[in-house]
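The residues making up each chain are set out below.
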Amino acid sequence: MKPYYITTPIYYANAKIHFGNLYTSIIADVYARSKRLLWYDVIFATGTDENGQKMLQVAEAQGKNVMEFLDEIVAQDKEVMQVCDISYTDFIRTTEDRHHTFVQHILQKTYETGDIYQWEYEWLYCIWCEAFKKESDLIRLTPLDKEGIGGDLVCPDHLKAPEKIKEKNRFFRLSKYEDKVKEFYKKNNNFIQPQYRYNEILSFVEWWLEDFSISRQNSSFGIPLPFDESSVTYIWYDALLNYLTVVVDHYDESGNPVFKPHAESMVHALGKDISRFHAVYRPAMLMAAGLEQYIPKQEFVGWFFTVDGQKMSKSLWNTLYAEDLVRDYDRDAMVFYLLYDIPQWADGDFSLERLKNVYESMLMWWRGNLVSRVTKLAAKEWITQGRVIASEAKQSILNEMTIKKTEELLDTANLNIYLQNRYSAVQDANIYMQNQAPWVKLKDESTRADGIANLQYLLWMIKQLTLLSAPFLTNSFKKVQEILGNDLLSQINSSTNLSDPTLFERVFNLTEFEVNLVPDVVYQKKDK
Ligand code: MSP
């Protein structure tokens, strides 16, 4: 089995993850499941970003010890992921020893190459972004009056004034790597997907790469610099290394990390707001530490979505929580609507009304009702086999499964099209059902046999469309496994690596297969 390693950003642990955060986990989950079914040995990492000022401040405001506070948030995040059926295999916390060890190792190495230097400077810091700001990054909250008074400068994302800090900090010589980073971009023009995001980042790289601070002086919380215990590592420097911490297998006799084979196949799913950190700073950090071969293979940069036309924010009423959507609508509906219906090449709007429509029409009616109708009719006729009618077999359903095509769509971040193609199998099956009307044929002895053959063929179509949607419709996958009652099909589980790597393909290619039908409703009607 080939290794495959996908990651999500690690989420700030100042509050429980909301739906906007979870979106990268949903994307990564579809990738992880798809690749498992294509015989890859998958590591899927997610986790929490914990070593920052804002975690400390929020914990203190709640009168809690910071570690106790972080443990609570992590427990909540893990519960959200469980409810949403996110099939991660490693949850990394940046307060763990394994991460401290790795970050200190990289810092020491970089220090020894002379790429870290000290500088005293005065700057603005937004703890809510955990980022340094320049005046030009800020906006004025209120206009200046005639005397030029007022007009507080605030961070545009959090509408809060940044702190002014004067510190002796360590800086990373990003500027030294300007040419190497440019060269890397020229050579790897598929590095960022979708392609237009690559162009965006490239123009930033071509503009100017400025050294950045990698430490904080007056903070007691974080990873101490190995060469200056009085300072801690700047949260972004440590966070960007989490992906490699996960795949450290062990340290050799000279203290150098030895990575799992997955390290070189790493890909990231992330939001557009953090692409610069990932796509520019980190490649240079790895170059400086002599770990250039572990720059990820690809970074999938996603869009931002608004909710019912409004920017989602924890301070507004419209923060959505995925666990509420799962309870009120459905896990599959949430994933399907998000990835199928909202285009990924631009910012989109997540509408609860539309979510309800997608659930009721595309999933409950066209998909769920098809399965219920066909299996009920077939069970009544004591049908025990699904089978293909060669002349009818819709090429579209089979072709979509080819590994090449599936991988092409995934590797170019075309999840919309991936889902749309696969859902077309549902439309094909409904059209077939409507055209053949087996329920009518069954009533007449002269057409009965034909009606039975239609039902058997429809059972085969249901098997195909269920397998095709296994990476994203995980709830209904389990339900249809129970309804069809085929032993081999029941053994497939995309949540973990396949123990029998060819199982999925074998079941997909079965043209005749036993069923033990237990008809049931696939998607329940919801009250909302
Ligand atoms: N801790 C950093 C990431 C460090 S990775 C080394 C961070 N955390 S976060 O919790 O603030 O955000 C995590 C992800 O959520 C980001 O990728 C961000 O783009 C995403 N989103 C937050 N709100 C979003 C939407 N409304 N829509 C889509 N994605 C959004 O940043």
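In the block above lies the structure referred to throughout.
Here's what I pulled together on the structure shown here. (Residues numbered from 1 in each chain as written. Predicted model: local features only at pLDDT ≥ 70, side-chain atom pairs only at ≥ 80, totals over all residues. Heavy atoms only, no water.)

Topic: the overall build of the chain
Here is step 1 of the chain: Looking only at helices and strands, one finds 20 helices and 22 strands in the chain.
Here is step 2 of the chain: Computed over its C-alpha atoms, the radius of gyration of the chain comes to 26 Å, within 12% of the 24 Å expected for a compact globule of 528 residues.
Here is step 3 of the chain: Principal axes of the C-alpha set define a box for the chain whose edges measure 90 × 60 × 45 Å.
Here is step 4 of the chain: Out of the 528 residues in the chain, the part that is buried amounts to 56%.
Here is step 5 of the chain: Summarising the internal contacts of the chain: among those between residues at least 6 apart in sequence, 75% fall at separations of at least 24.
Here is step 6 of the chain: Surface exposure of the chain reaches about 22,700 Å², of which carbon and sulfur atoms provide 50%.
Here is step 7 of the chain: The chain carries 58 positive and 73 negative side-chain charges, and their two centres are separated by 4 Å. (Helix = DSSP H or I, 4+ residues; strand = E, 2+ residues; numbered from the N terminus. Rg over C-alpha atoms; globule rule 2.2 N^0.38 Å. Buried < 20%, exposed > 50% of the residue type's maximum accessible area, 1.4 Å probe, protein only. Contact = heavy atoms within 4.5 Å. Areas by Shrake-Rupley, 256 points an atom, 1.4 Å probe, with all protein chains shown as cover. Lys, Arg positive; Asp, Glu negative; His and termini not counted. Charge placed at Lys NZ, Arg CZ, Asp CG, Glu CD.)

Things to note about the layout of surface pockets
Here is step 1 of the chain: In this structure, the second largest pocket encloses a volume near 200 Å³.
Here is step 2 of the chain: What lines the second largest pocket is a set of 13 residues, among which Tyr4, Val267, Lys297, Gln298 and Asp411 lie closest to the centre. (1 Å grid on protein atoms, 1.4 Å probe; cavity = no way out; pocket = protein on both sides within 12 Å on 5 of 7 lines; lining within 4 Å. Points joined across faces, edges and corners; volume = space filled by probe spheres on them.)

Overview of the nonpolar core
Here is step 1 of the chain: The biggest cluster of nonpolar side chains holds 102 residues, and the ones touching the most others in it are Phe19, Phe336, Leu338 and Phe350.
Here is step 2 of the chain: Apart from the residues within four sequence positions on either side, phenylalanine 350 is in contact with Phe19, Phe305, Thr306, Val307, Asp308, Leu320, Leu325, Tyr337, Leu338, Ile342 and Leu355. (Core = buried A, V, L, I, M, F, W, Y, C linked by side-chain atoms within 4.5 Å.)

Overview of the site of the ligand
Here is step 1 of the chain: Close to the ligand lie 21 residues, the nearest being Ile10, Asp49, Gly271, Asp273 and Phe305.
Here is step 2 of the chain: Contact distances for the ligand include 3.3 Å between an oxygen atom and a backbone N or O atom of tyrosine 12.
Here is step 3 of the chain: Here an oxygen atom of the ligand sits 2.4 Å away from a polar atom, N or O, in the side chain of aspartate 273.
Here is step 4 of the chain: About the coverage of the ligand: the protein hides 92% of its 670 Å² of free accessible area.
Here is step 5 of the chain: Elements that contribute at least two residues to the shell around the ligand include exactly strand E1 (2-12), helix H1 (19-37), helix H7 (235-239) and helix H8 (242-246).
Here is step 6 of the chain: When grouped by side-chain class, the residues that make up the shell around the ligand number 13 nonpolar, 6 polar and 2 charged. (Near = heavy atom within 4 Å. Polar contact = N/O pair within 3.5 Å; in protein donor to acceptor, adjacent residues only side chain to side chain. Nonpolar A, V, L, I, M, F, W, Y, C, P; charged D, E, K, R; others polar.)

A short note on the packing of aromatic side chains
Here is step 1 of the chain: Going through the model one piece at a time under the given rule, you end up with 41 aromatic pairs.
Here is step 2 of the chain: Between the aromatic rings of phenylalanine 172 and phenylalanine 212, the centroid separation amounts to 5.6 Å while the plane-to-plane angle is 65°, which identifies the pairing as edge-to-face. Residue phenylalanine 172 is located in strand E8 (residues 163-172), and its partner phenylalanine 212 is located in strand E10 (residues 212-213); the two are separated by 40 residues in the primary sequence.
Here is step 3 of the chain: For phenylalanine 172, a relative accessible area of 0% translates into the label buried. (Phe/Tyr/Trp six-rings, centres within 6.5 Å; stacked < 30°, edge-to-face > 60°.)

Section: the side chain of lysine 35
Here is step 1 of the chain: As for its placement among the helices and strands, lysine 35 is situated in helix H1.
Here is step 2 of the chain: Not counting residues within four places of it along the chain, the set of residues in contact with lysine 35 comprises Tyr4, Tyr40, Val42, Glu407, Leu410 and Asp411.

What about the packing of helix H2 (residues 53-61) against helix H3 (residues 66-83)?
Here is step 1 of the chain: Between H2 and H3, the shortest axis-to-axis distance is 9 Å and the interhelical angle comes to 100°. By the angle between their directions, the pair H2 and H3 is classed as roughly perpendicular. In this structure, H2 uses Met55, Leu56, Val58 and Ala59 to contact H3, whose residues at the interface are Val66, Phe69 and Leu70.
Here is step 2 of the chain: Its residues assigned to classes, the contact of H2 with H3 shows 7 nonpolar, no polar and no charged. (Axes fitted to C-alpha atoms, helices over the stretch in contact; angles between N-to-C directions. Parallel < 35°, antiparallel > 145°, perpendicular 65-115°, else oblique.)

Details of empty space enclosed by the protein
Here is step 1 of the chain: With the rule as written, the count across this model stands at 4 cavities of 30 Å³ or more.
Here is step 2 of the chain: The space that makes up the largest cavity amounts to roughly 110 Å³.
Here is step 3 of the chain: In this structure, the largest cavity is lined by 14 residues; those nearest its centre are Ile27, Val301, Gly302, Gln344 and Ala413.
Here is step 4 of the chain: Looking at the lining of the largest cavity, the elements with two or more residues in it are H1, strand E16 (266-271) and strand E17 (298-302).
Here is step 5 of the chain: No other element matches H1, which puts 4 residues into the lining of the largest cavity.
Here is step 6 of the chain: Of the residues in the lining of the largest cavity, the class split is 11 nonpolar, 3 polar and no charged.
Here is step 7 of the chain: The wall of the second largest cavity is formed by Asn51, Gly52, Gln53, Tyr125, Glu130, Arg216, Ser219, Phe221, Val232, Thr233, Tyr234 and Ile235.
Here is step 8 of the chain: For the lining of the second largest cavity, a count of residues per class yields 5 nonpolar, 5 polar and 2 charged.

Re the sheet that holds strand E18 (residues 305-307)
Here is step 1 of the chain: Spatially, E19-E18-E20 is the arrangement adopted by the 3 strands of the open sheet, whose pairing is mixed. The sheet is open, and its two borders are formed by strand E19 (310-311) and strand E20 (348-350), each paired with just one other strand.
Here is step 2 of the chain: In terms of strand pairing, E18 meets E20 through 3 bridges, oriented parallel. Residue pairing in the sheet places valine 307 in a bridge with phenylalanine 350 of E20. (Pairing = 2+ DSSP bridges.)

Side note on the sheet that holds strand E12 (residues 224-225)
Here is step 1 of the chain: If you trace the 3 strands from one edge of the open sheet to the other, you get E11-E13-E12, paired in antiparallel fashion. The sheet is open, and its two edges are formed by strand E11 (215-216) and E12, each paired on a single side.
Here is step 2 of the chain: Across 2 bridges, the pairing between E12 and strand E13 (residues 228-233) is antiparallel. Within E13, the residue paired with proline 224 across the bridge is valine 232.

A short note on the pairing of strand E2 (residues 40-49)
Here is step 1 of the chain: Of all 10 residues making up E2, 9 are buried, and the element is well covered by its neighbours.
Here is step 2 of the chain: The parallel pair E1 and E2 is bridged by H1, and the resulting crossover is right-handed. (Right-handed = clockwise from strand over helix to strand, strands pointing away.)

Brief notes about a nonpolar patch on the surface
Here is step 1 of the chain: Where nonpolar side chains cluster on the molecular surface, the patch consists of Ile139, Leu141 and Leu159 and spans about 260 Å² of accessible area.
Here is step 2 of the chain: Counting through the fold element by element, leucine 141 comes out in the loop between strand E6 (139-140) and strand E7 (153-154). (Patch = residues over 30% accessible without salt bridge, like charges linked within 9 Å, V, L, I, M, F, W, Y side chains within 5 Å. Salt bridge = Lys/Arg side-chain N within 4 Å of Asp/Glu carboxyl O.)

Considerations on the packing of helix H12 (residues 352-380) against helix H18 (residues 474-484)
Here is step 1 of the chain: At a minimum axis distance of 11 Å, the contact between H12 and H18 shows a crossing angle of 5°. Classified by the interaxial angle, the pair formed by H12 and H18 is roughly parallel. Together, Arg367, Val371 and Thr375 of H12 and Ser476, Val480, Ile483 and Leu484 of H18 make up the contact between the two elements.
Here is step 2 of the chain: For the contact of H12 with H18, the residue count by class is 4 nonpolar, 2 polar and 1 charged.

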